[in-house]
Amino acid sequence: MISDLAALTALAQALSRSADLAESLDAALATVAEVLGLETGWVWLLEEGDPEPRLAAARALPPALRDHPQAMHGDCYCLSTFRKGDLRGAANVNVVWCSRLEKVVECDLGLACHASVPLAVGDRHLGMLNVAAPDWRVLSDEELNLLTTAGALVSLAVERQRLEAASARAAAAEERNLLAREIHDTLAQGLAALTMQLEVADALAAGDARLGEVVARSLSLARSTLHEARRSVLDLRAAPLDGRTLPDALRDLAASAAREAEDAPEIVVDADGFTAATSALPPAVEAGVYRIAQQALANAARHARARSITLRLARTADGLELAVRDDGVGFDVTAVPPGRFGLVGMSERARLLGGTFEVDSAPGAGTAVHVRVPLHAAGRSGDE
């Protein structure tokens, strides 16, 4: 076994090599497992406002855990002890005493002992790091002290990532508010003044049917554009997900789009592949994909006159896919007129996330929007 100092140095280097939290936790598990000769490990994270612990990393899980994912959900003896404040340092726990592991101990579990390491910063409970082995042995005080220190290093890495994410969200929110103020103070105010002038013109053109028709159309367009400008101000000032998961936010978005559309289309959201363990995404990805879905639904409901819209969100081996299909009027993708800023905006958001954006449509054949975002490269930009 290498020295404690060498082990902690190796762990610190592993945690500092990547800005991605998942990669950092994987590296930490590998380092701790190598140092102590405990092959298996996993990390729980506790999110604020969510009572369900999230499995953030796992290493060499035995078949009874790997093939029974339900065993890796929910609370357990170790986590509940930690929440109560009874677990402050690493603790060597017999596998049968663990309320999670005892459920599958009869299924050829392949583990005989494990140690739990609390992750905390001050009074904040961040999660739990667990290591395990197939053979029972009592970890020495030195090994438990090493695990406690390792837990402190991992806790700092988790807290650093959360602070960076919070800072990025705050910066994005400030940028959105600045843009909202610009739209309100310039475009919206100008449109409001234009609408008032057109209302006067509409009244003066009462005796001229032809002129009155032109003014009425112009007034309707001005009012609609003013409404969209004000909606944009509200959307920019609001946090895109407002504490919800991306699937939940998309379902709420679909319900709102259906209510507001003139013809009330049927909108189906398919995000059943997302679970508590797989739904965590970088904030920039969540915000970007949400905004793309928002624009795609708006196009389908308001402009394509669709009666049926399907939104599908799926995780792949290395990324995230969003597909929005409608049965609307469609259009010729090779002859998109200038000024279709919705399409340009969706494409630009996908590009900023390191992803791709495709549109498949034809007159009378509906439209399908496809977005693919590689999660290993995403999350570098905020919600622009």
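It should be noted that the structure appears before, not after, this text.
The following paragraphs examine the structure supplied in this document. Everything quoted here is computed from the prediction, not taken from an experiment.

Within the secondary structure layout, A166 lies in helix α5 (residues 141-204). Under the relative-accessibility criterion, A166 is labelled partly exposed at 34%. Separated by 117 residues in sequence, A166 and P283 place their C-alpha atoms 9.1 Å apart.

Moving on, we come to empty space enclosed by the protein. Taken as a whole and assessed by the stated rule, the structure comprises two cavities of 30 Å³ or more. Within this model, the largest cavity holds a volume of roughly 70 Å³. Forming the boundary of the largest cavity are A7, L8, L11, T31, V32, V35, L36, L146, L147 and A150. Those elements that provide at least two residues to the lining of the largest cavity are α1 (4-16), α2 (21-36) and α5.

A separate point is helix α8 (residues 283-303). Taking 1.5 Å of rise per residue, 21 residues should cover 30 Å, and α8 covers 30 Å from first to last C-alpha, within 8% of that figure. Of all 21 residues that make up α8, 17 are buried, and the element is covered over most of its length. Just past α8, the residue R305 takes up positive phi, approximately 55 degrees.

Mapped onto the elements, D326 comes out in strand β8 (residues 319-326). Within the structure, the side chain of D326 is placed 2.7 Å from the backbone nitrogen of G328, a separation counted as a polar contact. Every residue in contact with D326, bar those within four places of it in the chain, is listed here: A300, A304, A306, S308, I309, G366 and T367.

To continue, consider the pairing of strand β5 (residues 124-133). β5 sits mainly inside the fold: eight of its ten residues count as buried. Sheet analysis places strand β1 (residues 40-45) next to β5, joined by six bridges and oriented antiparallel. Considered in β5, the bridge of L45 is made with G127. The pairing of strand β4 (residues 113-121) with β5 spans nine bridges and is classified as antiparallel. Within β5, the residue paired with S116 across the bridge is N130. Between the end of β4 and the start of β5, which pair antiparallel, lie two residues, with G122 showing a positive phi angle near 65 degrees.

Rules of the game
- Residues numbered from 1 in each chain as written.
- Predicted model: local features only at pLDDT ≥ 70, side-chain atom pairs only at ≥ 80, totals over all residues.
- Heavy atoms only, no water.
- Helix = DSSP H or I, 4+ residues; strand = E, 2+ residues; numbered from the N terminus.
- Buried < 20%, exposed > 50% of the residue type's maximum accessible area, 1.4 Å probe, protein only.
- 1 Å grid on protein atoms, 1.4 Å probe; cavity = no way out; pocket = protein on both sides within 12 Å on 5 of 7 lines; lining within 4 Å.
- Points joined across faces, edges and corners; volume = space filled by probe spheres on them.
- Expected span 1.5 Å × (residues − 1).
- Polar contact = N/O pair within 3.5 Å; in protein donor to acceptor, adjacent residues only side chain to side chain.
- Contact = heavy atoms within 4.5 Å.
- Pairing = 2+ DSSP bridges.

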